Every structure is written in structure tokens, then in C-alpha cells.
Amino acid sequence: MFKTKIKKEDQVVVISGSDKGKRGKVLFVDNEKNRVLVEGVNKKKKHIKKAQSPNGQGGILDMEFPMKLSKVMFFCEKCKKGVRVGKEISGDNKYRICRKCGKRLD
Ligand SMILES: [Zn+2]
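What you see is a predicted model, and the numbers here were worked out from it, not measured in a lab.

Procedures and definitions
- What you see as residue numbers is a count from 1 along each chain, following the sequence as written.
- In keeping with the predicted nature of the model, local features appear solely for residues at pLDDT of at least 70, side-chain atom pairs appear and are counted solely at 80 or more, and the whole-chain, interface and lining totals rest on all residues.
- With hydrogens and water set aside, each side-chain value is computed from the structure's full complement of heavy atoms.
- The secondary structure listing takes helices from DSSP runs of H or I that are at least 4 residues long and strands from runs of E that are at least 2 residues long, numbered from the N terminus.
- The quantity called the radius of gyration is restricted to C-alpha atoms. Its globule counterpart is 2.2 Å times the number of residues to the power 0.38.
- Buried, partly exposed and exposed residues are distinguished by accessible area as a fraction of the type maximum, computed with a 1.4 Å probe on protein chains only: under 20%, between the cut-offs, and over 50%, respectively.
- The contact criterion used throughout is that any non-hydrogen atoms of two residues lie within 4.5 Å.
- Here the Shrake-Rupley method, with its probe set to 1.4 Å, supplies the accessible areas, and only the displayed protein chains count as covering residues.
- Metal coordination here is assigned from N, O and S atoms located within 2.8 Å of the ion, or within 3.2 Å for Na, K and Ca; omission of water means that sites may look incomplete.
- Just to be clear on the cut-offs, tetrahedral is four donors with all angles between 85 and 135 degrees, square planar is four donors and octahedral six with opposite donors over 155 degrees apart and all others between 65 and 115, and anything else goes down as irregular.
- In this description, a nonpolar core means a group of buried Ala, Val, Leu, Ile, Met, Phe, Trp, Tyr and Cys residues linked to one another through side-chain atoms lying within 4.5 Å.

Visitor: How should the overall build of the chain be read in this particular structure?
Guide: Secondary structure summary: the chain contains zero helices and ten strands in total. The C-alpha radius of gyration computed for the chain amounts to 17 Å, which surpasses the reference 13 Å derived for 106 residues by more than 25%, pointing to a less compact arrangement than a globule. Across its three principal directions, the C-alpha atoms of the chain cover 55 × 30 × 25 Å. A total of 106 residues make up the chain; the buried ones form 30% of that total. Considering only contacts in the chain between residues 6 or more positions apart, those separated by 24 or more positions represent 37%. Of the roughly 7600 Å² of accessible surface on the chain, a fraction of 48% belongs to carbon and sulfur atoms.

Okay, here's the thing in C-alpha cells:
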């Protein structure tokens, strides 16, 4: 079963679709639906009615929409690219590591 290793606050890069190559911070992970919300990515215009609007102004709002988890990869600062995440066990602690350079990600 596919289980994501991506967590909230991680830096990810989009690997497919119209936002390919964009980077952003993970705002929310929905493991049940396999979806992720990434800051500044997959933005769409949403029409807001005055009553639903936070500032009472209504109109068109640019906001992020969740996208498939399979469309993003963890962004490794050292490799400067999207990488697969591995696991390192040290005593009782588990760390996520970059499978490419071995850097600890947690
Ligand atoms: Zn790396």
C-alpha cells in the first residue's frame, strides 16, 4: 500500500501537471484521499459571494486547491531537486532521509 512520507511544513516540488517545477510548503496532507495542499501551487480562481468572504468583499479569490500526492516529491535542499524519501532507524528513533544524498530530513 502506498503510504506517504510527506508531512505538513515539508518543502515539495511538483513533478507533473501544469504546475510542474513549482516549489512550495505543504500546508495540509490528507492521507485518506491521498491529497496534498501546497502553498502557492495549484491556484485557481474562486468566485466568492459577499456572505462567504472573510473580508466581506466578495469577488474572485486566488486560492490553492488540493492536488494528488503522487504529483509532488520531497524537495531536498542539498540535491536541489525532488527526491524519494527513505527511512533511517537509529536506536528508537526513526528519521526520514533523502534516498539520493542521505541527508536527514527531520
Ligand atoms: Zn538529497
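The rest of the description comes next.
Visitor: I keep staring at the coordination of the zinc ion and nothing clicks. Help me out?
Guide: Ideal geometry at a metal centre: 109.5 degrees between donors when four sit tetrahedrally, and 90 or 180 degrees when six sit octahedrally. On the protein side, the zinc ion has Cys 76 (SG), Cys 79 (SG), Cys 98 (SG) and Cys 101 (SG) as donor atoms, found 2.2 to 2.3 Å from it. Taken together, the four donor atoms surrounding the zinc ion define angles of 102 to 114 degrees at the centre, an arrangement classified as tetrahedral.

Visitor: I keep staring at the nonpolar core and nothing clicks. Help me out?
Guide: Nonpolar side chains tend toward joint burial in soluble globular proteins. Ranked by size, the top nonpolar core spans eleven residues in total: Ile 6, Val 12, Val 14, Val 26, Val 29, Val 36, Val 38, Val 41, Met 67, Leu 69 and Val 72. At the level of elements, strand 1 (11-14), strand 2 (23-30) and strand 3 (35-38) are the ones that each hand at least two residues to this core. Setting aside residues up to four positions removed in sequence, Val 14 forms contacts with Asp 19, Lys 20, Gly 21, Lys 22, Val 41, Met 67, Lys 71 and Val 72. Judged by nonpolar contacts, the second largest core, of six residues, contains Phe 74, Cys 76, Val 85 and Leu 105.

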